[in-house]
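Listed here are the chains, written in short residue letters.
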Amino acid sequence: MLRSTGDRVVIVGGGIAGALLAKTLQNHSDVVLIDPKEYFEIPWANLRAKVDPAAVERTVIPHADYLTHAKVVTASAVGIDDSVVLTSIGRAVAYDFLVIATGRTCTRPQRQSDRLEMFQHDKDRIDGAKSVLVVGGGPIGVELAAEIVMNSPEKRVTVVHGGPRLLKVMGPRASAKALEWLRSKNVTVLLDQTVDLARATPDTREFVTSAGETVAADCHFVCTGRPVASGWLKGTFLEGYVDGEGHLKVDDHLMVGGRKNVFAVGDITDVTEAKQGHLAQRQAMVVSRNLRLMVKGECREEKLHRYKPCPKASITVTLGRRDALAELPFMTLIGHIPGAVKPRDLFITRTRRMMGLKSKQYGAMPRVM
């Protein structure tokens, strides 16, 4: 067992929130990051990486590059009790403070090199295809379709979406503008239809929708929503704090169930706001400030920071390198103007700087256990 040190903070999940939290706490406490991957990736750059190899290596960042004073356990968490996290490699990690940041279920390879190969494989599939099917019309599906058609206007792109309008996380006006933009780029959009992919293989070239339409495509990508990654909490002392959708119930301090040493950040929380990366980072910073106080022994509630949700936070969906769709509190914009607000590098440079990586570099190795 990896025993507690008195100020041990164990973070389960090395996504955009968990990684930032580990980075900001590593010089203030004994930090252990538990993650099945050896890296974290900038999620809002994933789709650009499928068509632009130059962006890839800067978006998939080994934990070793930014964690110089933390420990990393490369494994999945499979269970917890009130003092220990159990991992898939049989190692038990004791904690004084626990932060759950497992986000949504997602299969990623353990090694960075394998993840980069996945991006290259997707790019090769797109490059070799004359037609592409995108299943799902949420932000991921719309952004991927836009990246493909703006990079290769000659390709036939079809989006099949199970809802009555695209981008249900945004308002009807934004949905209508997205639909109009895609169709102006000759993207075929089929609404209120689904595709049964149970028997689909990489060699499948024809797909039949729930409405009986046949879509011919040389390759396809599934961009539908993924469930919250909280199943591993079943049967644990936190099970009672998981709601019907799999989210963990947190208070204003992002404590789970009011417990003074258990926090949650990111998509796994029940915070009433859009599940966006920059908001997950805001949550991480609030928990970071609170844990620094608590490690010092300053646990009085009036000193702890509260997280203020952003239910009307602006949402921006990129549409290739130049255009974007932005839903602001009082207006909805599409085209070059909102595209200029979100830089062409998709905040990759800013995010790397936030993680202490001003350029492509390799830091000291953390202690991998």
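Presented here is a report on the structure given in the accompanying data block. This structure is a prediction, so every number in the text was calculated from the model and none was measured.

### Focus on the packing of aromatic side chains
Then step 1. Applying the stated criterion across every chain, the model contains one aromatic pair.
Then step 2. Their ring planes at 80° and their centres at 5.5 Å tell us that Phe40 and Tyr66 sit as a pair that is edge-to-face. On the criterion of sequence distance, the pair formed by Phe40 in strand S3 (residues 39-41) and Tyr66 in the loop between strand S4 (60-62) and strand S5 (71-74) is long-range, its members being 26 residues apart.
Then step 3. In this structure Phe40 comes out as buried when scored by relative accessible area, which is 0%.
Then step 4. Sitting over the face of the ring of Phe221, Arg125 holds its NZ or CZ atom 4.4 Å from the ring centroid.
Then step 5. Here the guanidinium or amino end of Arg350 rests over the ring plane of Phe347, the centre of that ring lying 4.4 Å away.

### Observations concerning the environment of Asn151
Then step 1. Position of Asn151 among the secondary structure elements: in helix H5 (residues 139-151).
Then step 2. Taking the C-alpha atoms as reference points, Asn151 and Val51, separated by 100 residues in sequence, lie 7.4 Å from one another.
Then step 3. Not counting residues within four places of it along the chain, the set of residues in contact with Asn151 comprises Val51 and Arg321.

### Some details on the sheet that holds strand S19 (residues 332-335)
The pairing of strands in a sheet comes from backbone hydrogen bonds and takes either a parallel or an antiparallel form.
Then step 1. Taken in spatial order, the three strands make up an open sheet running S17-S18-S19, and their pairing is antiparallel. Of all the strands in the sheet, just strand S17 (315-319) and S19 have a single pairing partner and so form its edges. When strand polarity is set aside, the average angle formed by the axes of neighbouring strands in this sheet is 10°.
Then step 2. In the packing of helix H6 (residues 172-184) onto the sheet, the strands contacted are S17, strand S18 (323-327) and S19, and the crossing angle to S19 comes to about 15°.

### Section: the packing of helix H1 (residues 16-25) against helix H7 (residues 277-295)
Packed helices, taken two at a time, are described by their axes: the angle between them and the distance between them.
Then step 1. Put simply, H1 and H7 touch, their axes get as near as 8 Å, and they point 30° apart. Here H1 and H7 pass one another in a crossing that is right-handed. Where H1 abuts H7, its residues Ile16, Ala17, Leu20, Leu21, Thr24 and Leu25 lie against Gly277, Ala280, Gln281, Ala284, Met285, Val287, Ser288, Leu291 and Arg292.
Then step 2. Split into classes, the residues belonging to the contact of H1 with H7 amount to 10 nonpolar, four polar and one charged.

### Observations concerning the state of the cysteines
Then step 1. One pass over the structure, following the stated rule, counts zero disulfides.
Then step 2. With no disulfide of its own, Cys219 lies closest to Cys223 among cysteine sulfurs, the gap being 11 Å.
Then step 3. For Cys223, a relative accessible area of 11% gives the class buried.

### Here's the deal with the environment of His305
Then step 1. Within the fold, His305 resides in the loop between H7 and S17.
Then step 2. Classification of His305 by relative accessible area gives partly exposed; the value is 33%.
Then step 3. Along the sequence, His305 and Arg289 sit 16 residues apart, while their C-alpha atoms lie 7.2 Å from each other.
Then step 4. Residues within four places of His305 in sequence aside, it is in contact with Asp252, His253, Val286, Arg289, Asn290 and Leu293.

### Here's the deal with a nonpolar patch on the surface
Then step 1. A cluster of nonpolar side chains, contributed by Leu328, Phe330, Met331, Leu333 and Ile337, occupies part of the molecular surface with about 540 Å² of accessible area.
Then step 2. As for its position among the elements, Leu328 is in the loop between S18 and S19.

### Digging into the sheet that holds strand S8 (residues 92-94)
Then step 1. Within the open sheet, the three strands sit side by side as S6-S7-S8. Their pairing is antiparallel. The open sheet has two free edges, formed respectively by strand S6 (77-80) and S8, since each of these has just one partner strand. If you compare each strand with its neighbour and ignore which way they point, the axes differ by 25° on average.
Then step 2. When S6 meets strand S7 (residues 84-87), the two strands line up antiparallel, connected through three bridges. Paired with Ala77 across the two strands is Thr87, which belongs to S7.

### Quick notes on the pattern of salt bridges
Then step 1. The tally for this structure, following the rule as stated, stands at 13 salt bridges.
Then step 2. Across the pair Asp122 and Arg125 runs a salt bridge, and its minimum N-O distance is 3.4 Å. Separated by three residues within a single helix, Asp122 and Arg125 lie in helix H4 (residues 112-127), roughly one turn from each other.
Then step 3. What makes Asp122 buried here is its relative accessible area of 9%.
Then step 4. Accessibility expressed as a relative area gives 25% for Arg125, which makes it partly exposed.

### Some points on H5
Note that an α-helix has 3.6 residues per turn; residues three or four places apart therefore point the same way.
Then step 1. Under the 1.5 Å per step criterion, the end-to-end length of H5 is 18 Å for 13 residues, consistent within 8% with the ideal 18 Å.
Then step 2. Taken together, the buried positions of H5 are occupied by Gly141, Val142, Glu143, Leu144, Ala145, Ala146, Glu147, Ile148 and Val149.

### Focus: H7
Then step 1. An ideal rise of 1.5 Å per residue puts 27 Å on 19 residues; H7 measures up with 26 Å between its terminal C-alpha atoms.
Then step 2. Gly297 sits one or two residues past H7 and shows a positive phi near 90°.

Parameters at a glance
Residues numbered from 1 in each chain as written. Predicted model: local features only at pLDDT ≥ 70, side-chain atom pairs only at ≥ 80, totals over all residues. Heavy atoms only, no water. Phe/Tyr/Trp six-rings, centres within 6.5 Å; stacked < 30°, edge-to-face > 60°. Helix = DSSP H or I, 4+ residues; strand = E, 2+ residues; numbered from the N terminus. Buried < 20%, exposed > 50% of the residue type's maximum accessible area, 1.4 Å probe, protein only. Lys NZ or Arg CZ within 6 Å of the ring centre and 35° of its normal. Contact = heavy atoms within 4.5 Å. Pairing = 2+ DSSP bridges. Axes fitted to C-alpha atoms, helices over the stretch in contact; angles between N-to-C directions. Left-handed = near helix turned anticlockwise from the far one by under 90°. Nonpolar A, V, L, I, M, F, W, Y, C, P; charged D, E, K, R; others polar. Disulfide = S-S within 2.5 Å. Patch = residues over 30% accessible without salt bridge, like charges linked within 9 Å, V, L, I, M, F, W, Y side chains within 5 Å. Areas by Shrake-Rupley, 256 points an atom, 1.4 Å probe, with all protein chains shown as cover. Salt bridge = Lys/Arg side-chain N within 4 Å of Asp/Glu carboxyl O. Expected span 1.5 Å × (residues − 1).

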